[in-house]
Amino acid sequence: MLTKKQLFTRGIFDISPHMLSVFPFGIICGAIGVELGFNPYLVYAMSFIIFGGASQIVFLQLISGGASSLVAVASVGIINSRHLLYGAVLSEYLEKLSFIKRLLISYVIVDQSFAESNKFFKKNNTEQHLHYHLIGTGCTLWVCWQISTLSGIILGSFVPEELGLKFAIPLTFIAIVVQDLKKIDHVIVMITCGLSSLLFFDAPFKSYIIISPVIALFVASLILRLKK
Amino acid sequence: MTWLSIIVAGVLTYFTRMAMIALVSREMLGDKIKAVLEYVPSAVFPAIIFPAIFINDFGSFVDMNDPKIFGAIVAIIVGYFSKNIIATILTGLLSYWFLIFVVFS
């Protein structure tokens, strides 16, 4: 049985490699906001209030491009709706927590913290204080996101654009799913999602980000039916 | 006005994180749904990966010989065998840089 502190530290350890991509992305995100002419306080407040990388950039680009607030807010909501799926997966491991604790821990659920903690939960589901792992992954990412967007705001885009560091983002997610390529059913689901995302890329409000997972999960349910 | 929209967007985002954890109990989801939820990582992350590789900043498809495609293939191979996140990201980036700075420059 691991202690709370060990689980928390393990969470920090498990998510740290992803900071390789989170850090440059945060700098880019902060720098873009200032370059587009927004108030630096406003750009930073987004990292605190919204705390969702891609959706923050889309919000700023839409507003500066003259889109209505409604369109910008709706886009953020749609891009981030994928968290509903993360919550549905994690709820199994968090249902013993009090309502207040569940409200608090929800704030730090992001792509990478979900991915790494979910992997850990599946392997160690007999542990008692599992949620400390999620607190470890989530808080590490939160701190890095605040520091990196803040540095982007203050220092501007000091990472040269020619380096193309945005490419680190797909690489980080490749690292997350690559081991599932061993399972043919997962490969089918991944390809379905990927192709759907290209097909629906131009759908309004960036909705491809939730349309493709829904299609892919539908295919997953068909696979499960065939397996029986 | 922008401040207000950010706060609304933030509340909305927080709701997406909190709803399934705080408001829905696991029993409300049947066994079939639980089985399908096993596939969530595989069903969500390619929607981030594919467009970032195959679609450029202007919203059109990249060429078949785009350095990002090559970098992604290297990352997949290294990641599959090494099971190491840092190695996956770094070899992907390095092979991408090798192409854009050495081969195509």
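Please read all numbers here as calculations on a predicted model, not as lab measurements. Numbering of residues starts from 1 in every chain and runs along the sequence as written. Here the convention is simple: chains get letters from A, ligands get numbers from 1, in the order in which they are written. For this predicted model, a pLDDT threshold of at least 70 governs which residues receive local features, and a threshold of 80 or more governs which side-chain atom pairs are given and counted, while totals over whole chains, interfaces and linings are taken from all residues.

A short note on the overall build of chain B
Right, so step 1: Labels follow the DSSP assignment, with helices taken as runs of H or I lasting at least four residues and strands as runs of E lasting at least two, numbered in each case from the N terminus. Assigned secondary structure in chain B consists of six helices and zero strands.
Right, so step 2: If you list the helices and strands of chain B from N to C, you get α-α-α-α-α-α.
Right, so step 3: Within the span of chain B, comprising 105 residues, buried residues form 40% of the whole.
Right, so step 4: We call two residues in contact if the C-beta atoms placed from their backbones are at most 7 Å apart. Taking the contacts inside chain B whose residues are at least 6 apart along the sequence as the reference set, 28% of them involve residues at least 24 apart. Buried means a residue has 20 or more other C-beta atoms within 10 Å of its own C-beta, exposed means 12 or fewer, and partly exposed covers the counts in between; C-beta atoms are placed from the backbone.

Looking at helix 9 (residues 131-155) of chain A
Right, so step 1: Between its terminal C-alpha atoms helix 9 of chain A stretches 36 Å, which fits the 36 Å expected from 25 residues at 1.5 Å a residue.
Right, so step 2: Taken from the residues just after helix 9 of chain A, Gly-156 of chain A is the one with a positive phi, measuring 75 degrees. Expected span of a helix: the number of residues minus one, times 1.5 Å.

Observations regarding the packing of helix 10 (residues 168-177) of chain A against helix 6 (residues 85-103) of chain B
Right, so step 1: A fitted line through C-alpha atoms represents every axis, and for helices the fit uses only the stretch in contact; the resulting angles, taken between N-to-C directions, go from 0 to 180 degrees. Where helix 10 of chain A meets helix 6 of chain B, the closest approach of the two axes is 9 Å, and the angle between their N-to-C directions is 145 degrees. The two elements helix 10 of chain A and helix 6 of chain B cross, and the hand of that crossing is right-handed. Contacts between helix 10 of chain A and helix 6 of chain B involve Ala-168, Leu-171, Thr-172, Ile-174 and Ala-175 of chain A from the former and Ile-85, Thr-88, Ile-89, Gly-92 and Leu-93 of chain B from the latter.
Right, so step 2: Each residue gets one of three labels, nonpolar for Ala, Val, Leu, Ile, Met, Phe, Trp, Tyr, Cys and Pro, charged for Asp, Glu, Lys and Arg, and polar for the others, Gly among them. Split into classes, the residues belonging to the contact of helix 10 of chain A with helix 6 of chain B amount to seven nonpolar, three polar and no charged. By definition, turning the near helix anticlockwise from the far helix through less than a right angle yields a left-handed crossing, and turning it clockwise yields a right-handed one.

Regarding the domain arrangement of chain A
All names here are of chain A.
Right, so step 1: What marks off one domain from the next here is an automatic or database domain assignment. Per the domain assignment, the segments of chain A are domain 1 (4-178) and domain 2 (183-228).
Right, so step 2: Between domain 1 and domain 2, the C-alpha centre-to-centre distance is 22 Å.
Right, so step 3: The partner domain 2 presents seven residues to the nine residues of domain 1 that form the contact.
Right, so step 4: Per-element tally for the side of domain 1 that touches domain 2: the top contributor is helix 5 (residues 69-80), with four residues.

Let's talk about the environment of Tyr-44 of chain A
Residues and elements named next belong to chain A.
Right, so step 1: Mapped onto the elements of the fold, Tyr-44 is located in helix 3 (residues 40-49).
Right, so step 2: Overall, Tyr-44 belongs to the buried group, with 20 C-beta atoms counted inside 10 Å.
Right, so step 3: Along the sequence, Tyr-44 and Ala-216 sit 172 residues apart, while their C-alpha atoms lie 35 Å from each other.
Right, so step 4: Other than its neighbours up to four places away in sequence, Tyr-44 contacts Thr-149, Leu-150 and Ile-153.

Quick word on the domain arrangement of chain B
Right, so step 1: Domains assigned within chain B are domain 1 (1-30) and domain 2 (39-103).
Right, so step 2: On a C-alpha basis, the centroid separation for the pair domain 1 of chain B and domain 2 of chain B is 31 Å.

Some words on unusual backbone geometry
Right, so step 1: Even without being glycine, Phe-205 of chain A reaches a positive phi, approximately 60 degrees.
Right, so step 2: With respect to the helices and strands, the residue Phe-205 of chain A is situated in the loop between helix 11 (184-199) and helix 12 (208-227).
Right, so step 3: Take Phe-205 of chain A: there are 17 C-beta atoms within 10 Å of it, and that puts it in the partly exposed class.
Right, so step 4: Residue Lys-83 of chain B is not a glycine yet carries a positive backbone phi of 55 degrees.
Right, so step 5: Tracing the sequence through the fold places Lys-83 of chain B in the loop between helix 5 (67-82) and helix 6.
Right, so step 6: By C-beta crowding, Lys-83 of chain B is classed as exposed, having 12 other C-beta atoms within 10 Å.

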